[in-house]
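Overview (structure and organization)
For reference, the chains in residue letters:
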Amino acid sequence: MRKEKIEVSHAGVSRSVAVVTAFIMKTEQLPFEKAYENLQTVKPEAKMNEGFEWQLKLYETMGYEVDPSSAIYKQYRLQKVTEKYPELRNLPQELFAVDPTTISQGLKDDILYKCRKCRRSLFRSSSILDHNEGSGPLAFAHKRTAPSLVLTTGSQAQCTSFFIEPVQWMESTLLGVIDGQLLCPKCSAKLGSFNWYGEQCSCGRWITPAFQIHKNRVDEMKMLPALGSQTRKL
């Protein structure tokens, strides 16, 4: 019982230190490391765990704001799903982007992506989770079983897939399953794959979790403001 009280106390102190550090970051527009250093100068015993440190670095990256529409925030929230819902069931609805077939308009300059085979609307550009380009062929060197041409750091592979947040039409496919294929909900054409524990992009970057749509399976459609119609983006 005493041990449990001590653990709770330590967690509370760590949380308090994180809140004060976030306040310093926001009010003085300081990066995490500097704000934390300033706090420890005044209160040397102030400590926080790695989880809070990671969250405050994320807070810094988002410009000292918590923006649920930010791709960085969405990716962070998705990474926490397997911790909070290990059985991958009863996932919160806000985790899924709205199915574009249920709404007539998106954000300004939003691009709509449709199944290349049946033209069913699948997701919008606001659902794409961009990532820094990986090291290309070098990232796949460990998979080679035989000697091949020398790989150089200058050999960059282009991303051949979109990594997106899960969309409402995927829900029945994702619940209770670690990985699998993503099929068009209308014509069942294969669009890509998903894995809650991550997949590697063609550029070499590892994305966790991964909801991957191959670019050659979809077409881009953009609204024409003046006419209210759609045209294929070339």
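Just so it is clear, the structure is predicted and the values come from calculations on it, not from any experiment.

Parameters and conventions
Every chain's residues receive numbers from 1 upward, in the order its sequence appears when written. It should be noted that, the model being predicted, local features are given only for residues of pLDDT at least 70 and side-chain atom pairs only at 80 or more, the latter also being counted only at that level, while totals for whole chains, interfaces and linings use all residues. Side-chain numbers here rest on the full set of heavy atoms in the structure, without hydrogens or water. Two rings belonging to Phe, Tyr or Trp (six-membered ring only in the last case) form a pair when the distance between their centres is within 6.5 Å. Interplanar angles under 30 degrees mark stacking, angles over 60 mark edge-to-face geometry, and anything in between is tilted. Exposed residues in this analysis have more than 50% of their type's maximum accessible area, buried residues have under 20%, and partly exposed residues fall in between, with area computed by a 1.4 Å probe over protein chains only. Our definition puts a charge over a ring when NZ of Lys or CZ of Arg is within 6 Å of the ring centre and also within 35 degrees of the ring normal. To obtain each axis, a line is fitted to C-alpha atoms, and for helices this fit is confined to the stretch in contact; angles are then taken between N-to-C directions over 0 to 180 degrees. Only DSSP runs of H or I reaching four residues or more are called helices, and only runs of E reaching two or more are called strands; each is numbered from the N terminus. Relative orientations are named as follows: roughly parallel for angles under 35 degrees, roughly antiparallel for angles over 145 degrees, roughly perpendicular for angles from 65 to 115 degrees, and oblique for any other angle. Whether two residues touch is decided by their heavy atoms; if any such pair falls within 4.5 Å, the residues are in contact. In this count, Pro and Cys sit with the nonpolar residues alongside Ala, Val, Leu, Ile, Met, Phe, Trp and Tyr, while Asp, Glu, Lys and Arg are called charged and the others, Gly among them, polar.

Throughout the structure, instances matching the rule amount to 7 aromatic pairs. Ring centres of Tyr-59 and Tyr-64 lie 6.1 Å apart, and the angle between their planes is 75 degrees; on these two criteria the pair is classed as edge-to-face. Residue classification places Tyr-59 among the buried residues on the basis of a relative accessible area of 15%. Assessed through its relative accessible area of 11%, Tyr-64 is described here as buried. An aromatic cluster is built from Tyr-113, Phe-123 and Phe-162, whose rings are joined through pairwise contacts. The ring of Phe-162 carries the charged tip of Lys-215 above its face, separated from the ring centre by 5.1 Å.

Now for the packing of helix 2 (residues 32-42) against helix 3 (residues 50-61). Interaxial distance between helix 2 and helix 3 falls to 9 Å at its minimum, and their mutual angle equals 125 degrees. It follows from the interaxial angle that helix 2 and helix 3 lie oblique. Of helix 3, the residues touching helix 2 (which contributes Phe-32, Glu-33 and Tyr-36) are Glu-53, Leu-56, Lys-57 and Glu-60. Among the residues making up the contact of helix 2 with helix 3, the classes are represented as 3 nonpolar, no polar and 4 charged.

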